[in-house]
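Single-letter residue listing:
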Amino acid sequence: MRRFVIGQAKNLIDQTRQARHKSLRLLSLLAASDSAPVLSSPHLFSSSSDMSGSGSDSSSSSLPVTLDSLNPKVLKCEYAVRGEIVNIAQKLQEDLKINKDAYPFDEIIYCNIGNPQSLGQQPITFFREVLALCSHTALLDESATHGLFSSDSIDRAWKILDQIPGKATGAYSHSQGIKGLRDAIAAGIEARDGFPADPNDIFMTDGASPGVHMMMQLLISSEKDGILCPIPQYPLYSASIALHGGSLVPYYLDEASGWGLEISELKKQLQDARSKGITVRALVVINPGNPTGQVLAEENQREIVDFCKKEGLVLLADEVYQENVYVPDKKFHSFKKVARSMGYGEKDVCLVSFQSISKGYYGECGKRGGYMEITGFTSDVRAQIYKLASVNLCSNISGQILASLVMSPPKPGDDSYDSYIAEKEGILSSLAKRAKTLEEALNKLEGVTCNRAEGAMYLFPCINLPQKAIAAAEAAKTSPDAFYCKRLLNATGIVVVPGSGFRQVPGTWHFRCTILPQEDKIPAIVNRLTEFHKSFMDEFRN
């Protein structure tokens, strides 16, 4: 009898474990569904039971670190590009591997982030050849190398290695970056703008983001310090301002005029902030725009430079998409070029220009390279910027090498020039086609309007959602555009970012979609999106 009872108990325990396992798996999948709003709570993704399986909760934990004990600036910080919807997509992607027939799609298409090579874009051959030779210097002593690598990539690798002490690419460099590489970048800036550039103004960084953080750290001392930021904006800026304890002062781009930047709007928001006791320290301008894709006219840039000079603001120019211009009636002009052409020099305007190897036609996101060029700062302030750079020792050497190559690519007559130009133009022309195709498809959808993508890597359509959909979103305790984006993900496998993650004019709803999936995937994306949108509108039609 005792054995029977023990056996029955074991069976009951096994059944309970199996049921619990099935329930947990079902919960994790249903978290993506707005049909069960209570399950889409962030606690499902962030609780200790989900992360560690311990079953403990922050409120009852005896561990020394809890949400309540964290820096409140960290809790305030948000970064929508890798937020909740991406977390759901990653869970779906894992489940697709073992339950391929459980979904109406066979892959997750990440249109949420500007990560070109993850979606099939190939790196530029010359850049990778030089990087390979610099990373594994023994190749330079092999006779076979001359048959595998272009002659100019071999020459460039030797030139770069000669600028690195001990030819050691695994060693720390100067905190601003290797001097010879900064020389190459300064020469590239001078060739682009037609005005002198000083390598001592260059601070090399792991992508543009650390440079932005460094400037926020420099400029913000309390919540009474404000930074003027465009709305919609790239969430790096709102996140960085929050982390450093400042105040984001919004200025709204005009969607009706192609996301225009109006000086009258800057003045209005500046005056409003000052009336609240906020000292506005800087103006952020993203050109070409992210997420909005507009390219500023040179005359508009002149007005912006004059505004910063008159109001005593640092101009933070995010120019990482400078190579991504797709329309014949627009051209990229750096703010430094514009300022110098107006006769403004070092003592007139404080300007920081950010560049990255992650965007353009190169898309080397994972290599983490970039730089900021700082002009108009006094020597004592520059010393403080250098101190901040020194705390991080230096940026990674591979990223430094690639940043120098981006600003000094092959020239006519070089062995790699023809292949380099073919690769560059092929990528940029394809991006322009993809942008146009997606823009036209979005504008055909009921209740959707989309400005043209003049540059960058994104479209930011406005969705006029039915009132029933807005009510359903409220019931699900999520924003209407996030509700739409979750439903899109569950139905199609397409990942986009809700406009609320970038901020937007209150009462309007958008999403950001990259133009980066390869051309052969664009028709399928258009078809999936079109079918979903029709179904969604039919379901929630007023």
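Residues numbered from 1 in each chain as written. Predicted model: local features only at pLDDT ≥ 70, side-chain atom pairs only at ≥ 80, totals over all residues. Heavy atoms only, no water.

### Notes on the overall build of the protein chain
Here is step 1 of the chain: In terms of regular secondary structure, the protein chain is built from 20 helices and 14 strands.
Here is step 2 of the chain: The burial tally for the protein chain puts 51% of its 542 residues in the buried class.
Here is step 3 of the chain: Counting every atom, the protein chain has about 24900 Å² of accessible surface; 53% of that belongs to carbon and sulfur. (Helix = DSSP H or I, 4+ residues; strand = E, 2+ residues; numbered from the N terminus. Buried < 20%, exposed > 50% of the residue type's maximum accessible area, 1.4 Å probe, protein only. Areas by Shrake-Rupley, 256 points an atom, 1.4 Å probe, with all protein chains shown as cover.)

### Side note on the pattern of salt bridges
Here is step 1 of the chain: Across all of its chains, the model carries 23 salt bridges by this definition.
Here is step 2 of the chain: Ionic pairing is found between arginine 487 and glutamate 539, a salt bridge with its closest N-O pair at 2.4 Å. You can see arginine 487 sitting in helix H19 (residues 480-492) and its partner glutamate 539 sitting in helix H20 (residues 522-540), a full 52 residues away along the chain.
Here is step 3 of the chain: On the basis of relative accessible area, arginine 487 is assigned to the partly exposed category, the value being 22%.
Here is step 4 of the chain: Between aspartate 538 and lysine 534 there is a salt bridge whose closest N-O contact spans 3.1 Å. One end of the pair is aspartate 538 and the other is lysine 534, both in helix H20 and four residues apart, which spans about a single turn.
Here is step 5 of the chain: Relative accessible area serves as the criterion here: at 54%, lysine 534 is assigned to the exposed category.
Here is step 6 of the chain: Taken together, the shared-partner salt bridges in this structure form one network comprising Asp329, Lys330, Arg452 and Glu454. (Salt bridge = Lys/Arg side-chain N within 4 Å of Asp/Glu carboxyl O.)

### Things to note about helix H12 (residues 263-275)
Here is step 1 of the chain: With 13 residues, H12 should cover 18 Å at 1.5 Å per step; its first-to-last C-alpha distance of 18 Å lies within 8% of that length.
Here is step 2 of the chain: Listing the buried residues of H12 in full gives Ile263, Glu265, Leu266, Gln269, Leu270 and Ala273. Buried residues in H12, looked at end-on, bunch into an arc of 155°, giving them a common side. Those residues of H12 that are exposed and angled more than 90 degrees off the buried face are Ser264, Lys268, Gln271 and Ser275.
Here is step 3 of the chain: Buried-residue contacts for H12 involve strand E3 (225-231), strand E4 (247-252), strand E5 (279-286) and helix H13 (298-311). (Expected span 1.5 Å × (residues − 1). Arc of directions from axis to C-beta. Contact = heavy atoms within 4.5 Å.)

### Focus on the pairing of strand E14 (residues 511-514)
Here is step 1 of the chain: Where burial is concerned, the two faces of E14 agree: the one with Phe511 and Cys513 and the one with Arg512 and Thr514 are both buried.
Here is step 2 of the chain: Sheet topology places strand E10 (residues 458-459) next to E14; two bridges connect them, and they run antiparallel. The partner of tyrosine 458 across the bridge, within E14, is threonine 514.
Here is step 3 of the chain: Both strand E13 (residues 497-498) and E14 contribute to a ladder of two bridges, which runs antiparallel. In the sheet register, valine 497 faces E14, and the bridge partner there is arginine 512. (Pairing = 2+ DSSP bridges.)

### A word on the confidence of the model for the protein chain
Here is step 1 of the chain: For the protein chain, per-residue confidence averages 85 on the pLDDT scale, and residues scoring 70 or more make up 88% of the total.
Here is step 2 of the chain: Confidence, read as mean pLDDT per element, is least for helix H2 (residues 43-46) in the protein chain (32) and greatest for strand E6 (residues 314-318) (97).
Here is step 3 of the chain: Counted against residues more than four places away or in other chains, residues 15-56, with its pLDDT under 50, gives 42 contacts. (pLDDT = per-residue confidence, 0-100.)

### Describing the packing of aromatic side chains
Here is step 1 of the chain: One pass over the full model with this rule turns up 16 aromatic pairs.
Here is step 2 of the chain: Their ring planes at 85° and their centres at 5.7 Å tell us that tyrosine 321 and tyrosine 458 sit as a pair that is edge-to-face. Taken together, the residues tyrosine 321 in the loop between E6 and helix H14 (335-341) and tyrosine 458 in strand E10 connect sequence positions 137 residues apart.
Here is step 3 of the chain: Under the relative-accessibility criterion, tyrosine 321 is labelled buried at 2%.
Here is step 4 of the chain: Exposure remark for tyrosine 458: the relative accessible area of 2% places this residue in the buried category.
Here is step 5 of the chain: Their ring planes at 45° and their centres at 5.7 Å tell us that phenylalanine 532 and phenylalanine 536 sit as a pair that is tilted. Placement of both phenylalanine 532 and phenylalanine 536 in helix H20 is noted, with a separation of four residues, approximately one turn of the helix.
Here is step 6 of the chain: One aromatic cluster in this structure is built from Phe483, Tyr484, Phe511, Phe532, Phe536 and Phe540.
Here is step 7 of the chain: Sitting above the plane of the tyrosine 458 ring, arginine 512 keeps its charged end 3.9 Å from the centroid. (Phe/Tyr/Trp six-rings, centres within 6.5 Å; stacked < 30°, edge-to-face > 60°. Lys NZ or Arg CZ within 6 Å of the ring centre and 35° of its normal.)

### What about the packing of helix H17 (residues 417-443) against H20?
Here is step 1 of the chain: In contact at an axis separation of 11 Å, H17 and H20 are set at 15° when each is read in the N-to-C sense. In terms of their interaxial angle, H17 and H20 are classed as roughly parallel. For the crossing formed where H17 meets H20, the hand is right-handed. Contacts between H17 and H20 involve Arg434, Thr437, Leu438, Ala441 and Leu442 on the former and, on the latter, Ile522, Ile525, Val526 and Leu529.
Here is step 2 of the chain: Broken down by class, the residue content of the contact of H17 with H20 amounts to seven nonpolar, one polar and one charged. (Axes fitted to C-alpha atoms, helices over the stretch in contact; angles between N-to-C directions. Parallel < 35°, antiparallel > 145°, perpendicular 65-115°, else oblique. Left-handed = near helix turned anticlockwise from the far one by under 90°. Nonpolar A, V, L, I, M, F, W, Y, C, P; charged D, E, K, R; others polar.)

### Things to note about a negative patch on the surface
Here is step 1 of the chain: A surface patch of negative charge is lined by Asp254, Glu262, Glu299, Glu303 and Asp306.
Here is step 2 of the chain: The topology assignment puts aspartate 306 in helix H13.
Here is step 3 of the chain: Among the residues examined, aspartate 306 registers a relative accessible area of 34% and is labelled partly exposed. (Patch = residues over 30% accessible without salt bridge, like charges linked within 9 Å, V, L, I, M, F, W, Y side chains within 5 Å. Lys, Arg positive; Asp, Glu negative; His and termini not counted. Charge placed at Lys NZ, Arg CZ, Asp CG, Glu CD.)

### Things to note about the pairing of strand E2 (residues 202-205)
Here is step 1 of the chain: Here E2 shows two buried faces, one formed by Ile202 and Met204 and the other by Phe203 and Thr205.
Here is step 2 of the chain: Examined bridge by bridge, E2 and strand E8 (residues 370-375) share four bridges and lie antiparallel to one another. Within the sheet, the bridge partner assigned to isoleucine 202 lies in E8 and is glutamate 373.

### Regarding the side chain of lysine 336
Here is step 1 of the chain: Residue position: lysine 336 is located in helix H14.
Here is step 2 of the chain: Reaching out from lysine 336, the side chain makes a polar contact with the backbone oxygen of proline 196 at a distance of 2.9 Å.
Here is step 3 of the chain: Those residues in contact with lysine 336 that lie beyond four places of it in its chain are Ile189, Asp193, Pro196, Ala197, Leu351 and Glu373. (Polar contact = N/O pair within 3.5 Å; in protein donor to acceptor, adjacent residues only side chain to side chain.)

### A few points about the sheet that holds E2
Here is step 1 of the chain: Ordered by their spatial adjacency, seven strands build an open sheet running E2-E8-E7-E6-E5-E3-E4, and the pairing between neighbours is mixed. Bordering the open sheet on either side are E2 and E4, each of which pairs with just one other strand. The mean inter-strand angle of the sheet, taken between neighbouring strand axes irrespective of direction, is 20°.
Here is step 2 of the chain: Summarising the sheet, E6 and strand E7 (residues 351-356) pair through four bridges and their orientation is parallel. The residue of E7 that forms the bridge with alanine 317 is serine 353.
Here is step 3 of the chain: Set on the sheet, helix H9 (residues 179-193) makes contact with E2 and E8; between it and E2 the angle comes to about 115°.
Here is step 4 of the chain: Running at roughly 165° to E5, H13 makes contact with E3, E5 and E6 of the sheet.

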